[in-house]
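Spelled out, the chains give:
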Amino acid sequence: MRSSRTKVVSILSIAVLTLCFTPFSAAQAETLRIGGTGSATVLMERLGAAFAASEAGTTVEIIPGLGSSGSIAAAMDNVLDLAISARPLKPAETGLSEVAAVRTPYGLVSSNPNPGDITSADVAAFFSSPTSTWADGSPVRVILRPRNESDTALLGQTFPGMETAIDQVRERVDVPIAATDQDNLEMAKAIDGSLVGTSLAQVVTERHQIQFLTIDGVEPTLENLDNGQYPYTKLYRFIHAENSTPLVQRFLAFVNSGDGAILLREAGCLRTVQ
């Protein structure tokens with residue numbers, strides 16, 4: 001009889017412990033959902049993994065393929081906790097806050113092994129002319145991005161006369177269009193003599209073997225970006241609800257920490273100057 005009673009007490013004890021501790025453990029488990037511009041996908045995977053490792057019970061889920069606009073829309077609908085955008089918020093995108101948190105050199109790359117140097121004043125003409133050639137005499141093969149893609153706007157704003165040059169190139173039927181950031185560099189590697197705009201962060205994190213042009217004699221390195229010699233940059237904006245969760249705030253603090261700065265530098269990025 002005593003044995004049966006002991007058994008019942010043990011079962012009740014286990015049940016009580018389960019009720020007490022299971023909800024507590026579940027409450028501690030948190031998931032941070034991040035998505036955004038394709039060129040920052042691997043960067044965010046690295047930051048997310050390091051952050052999750054430092055936060056017990058935290059999972060970081062990277063949602064690929066959203067792009068800047070898609071991720072902002074998802075943040076507005078509370079589907080994402082954090083959107084990574086290559087463009088600023090538009091007036092209609094309300095209820096959100098943004099911070100230009102990360103910068104990386106932005107420039108021109110080619111599959112040509114020795115693309116050489118170009119002056120910033122000559123970029124637009126070099127880009128738009130169907131007869132442009134590299135130093136070895138091989139033809140330049142331009143690759144475009146979709147008209148409403150944020151990198152199209154960035155490229156157009158970066159060099160004098162570039163918006164007009166892009167419109168001129170878009171009229172040519174022989175010019176391919178890369179739908180995504182990943183397509184952009186895969187096509188650039190596959191097409192001889194390619195010419196595309198891209199960020200150092202994407203080249204570094206995705207480990208592409210492709211050559212940057214120097215512009216006005218300056219290489220697009222982190223050192224040259226940091227000391228002001230290389231002026232062309234791409235900003236990654238972190239966008240979240242105006243009343244963001246503590247988890248989002250802890251992630252942003254991690255990015256701004258010493259460990260975050262090391263990870264950013266390894267990924268071809270620097271924190272912005274706040």
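The text that follows walks through the structure, step by step, so that each part is easy to find. Remember, predicted model here, so these are calculated numbers, not experimental data.

### Regarding the pairing of strand β3 (residues 82-85)
So, step 1. Residues of β3 alternate between two faces, with Leu 82 and Ile 84 on one and Ala 83 and Ser 85 on the opposite face, all of them buried.
So, step 2. Pairing geometry for strand β1 (residues 30-36) and β3, over 3 bridges, is parallel. Looking across to β3, one finds that Gly 35 is bridged to Ala 83.
So, step 3. Summarising the sheet, β3 and strand β10 (residues 233-241) pair through 3 bridges and their orientation is antiparallel. Along β10, the bridge assignment pairs Ala 83 with Ile 239.

### Observations regarding the nonpolar core
Looking at soluble globular proteins, one finds that nonpolar side chains tend to be buried together.
So, step 1. If you look at the biggest cluster of nonpolar residues, it comprises 25 residues, and the most contacted ones within it are Phe 127, Leu 155, Phe 159, Met 162 and Leu 195.
So, step 2. Mapped by element, the contributors of at least two residues to this core are β4 (96-110), α4 (123-128), α5 (150-158) and α6 (162-170).
So, step 3. Excluding residues that lie within four positions of it along the chain, Phe 159 makes contacts with Leu 108, Ser 120, Val 123, Ile 215 and Tyr 232.
So, step 4. Core analysis: the next-biggest nonpolar cluster, separate from the first, contains 24 residues, Leu 32, Leu 43, Ala 201 and Phe 254 among them.

### Focus: the pattern of salt bridges
So, step 1. The final tally for this structure, using the stated rule, is 12 salt bridges.
So, step 2. As a salt-bridge pair, Arg 103 and Asp 226 come within 3.4 Å of each other at their nearest N and O atoms. Of this pair, Arg 103 sits in strand β4 while Asp 226 sits in helix α9 (residues 222-226), placing them 123 residues apart in sequence.
So, step 3. The class for Arg 103 is buried, based on a relative accessible area of 15%.
So, step 4. Notably, a salt bridge pairs Arg 172 with Asp 174, separated by 3.4 Å at the nearest N-O pair.
So, step 5. Bridged by salt links that share partners, the residues Glu 30, Glu 55 and Arg 250 form one connected network.

### Side note on the environment of Pro 105
So, step 1. The topology assignment puts Pro 105 in strand β4.
So, step 2. Its relative accessible area of 0% is what places Pro 105 among the buried residues.
So, step 3. Separated by 126 residues in sequence, Pro 105 and Pro 231 have C-alpha atoms that sit 8.0 Å apart.
So, step 4. Ignoring any residue separated from it by four or fewer positions in sequence, one finds Pro 105 in contact with Thr 198, Ser 199, Leu 200, Pro 220, Thr 221, Leu 222, Leu 225, Tyr 230, Tyr 232, Thr 233 and Gly 268.

### As for unusual backbone geometry
So, step 1. One non-glycine residue, Arg 207, lies in the positive phi region at around 60°.
So, step 2. Inspection of the secondary structure puts Arg 207 in the loop between α8 (200-205) and β8 (211-212).
So, step 3. For Asp 216, which is not glycine, the phi torsion reads 55° and is therefore positive.
So, step 4. Inspection of the secondary structure puts Asp 216 in the loop between β9 (214-215) and α9.
So, step 5. Overall, the relative accessible area of 41% leaves Asp 216 in the partly exposed class.

### Points about the packing of helix α2 (residues 41-54) against helix α11 (residues 258-266)
So, step 1. Between α2 and α11, whose axes approach to 10 Å, the crossing angle comes to 155°. Taken together, the axes of α2 and α11 are roughly antiparallel relative to one another. The two elements α2 and α11 meet at a crossing, and its hand is right-handed. Residues Leu 43, Arg 46, Leu 47 and Ala 50 of α2 touch α11, and the partners they reach there are Gly 260, Leu 263, Leu 264 and Glu 266.
So, step 2. Its residues assigned to classes, the contact of α2 with α11 shows 5 nonpolar, 1 polar and 2 charged.

What counts, and where the lines are drawn
- Residues numbered from 1 in each chain as written.
- Predicted model: local features only at pLDDT ≥ 70, side-chain atom pairs only at ≥ 80, totals over all residues.
- Heavy atoms only, no water.
- Buried < 20%, exposed > 50% of the residue type's maximum accessible area, 1.4 Å probe, protein only.
- Helix = DSSP H or I, 4+ residues; strand = E, 2+ residues; numbered from the N terminus.
- Pairing = 2+ DSSP bridges.
- Core = buried A, V, L, I, M, F, W, Y, C linked by side-chain atoms within 4.5 Å.
- Contact = heavy atoms within 4.5 Å.
- Salt bridge = Lys/Arg side-chain N within 4 Å of Asp/Glu carboxyl O.
- Axes fitted to C-alpha atoms, helices over the stretch in contact; angles between N-to-C directions.
- Parallel < 35°, antiparallel > 145°, perpendicular 65-115°, else oblique.
- Left-handed = near helix turned anticlockwise from the far one by under 90°.
- Nonpolar A, V, L, I, M, F, W, Y, C, P; charged D, E, K, R; others polar.

In short, geometric facts, not functional conclusions.
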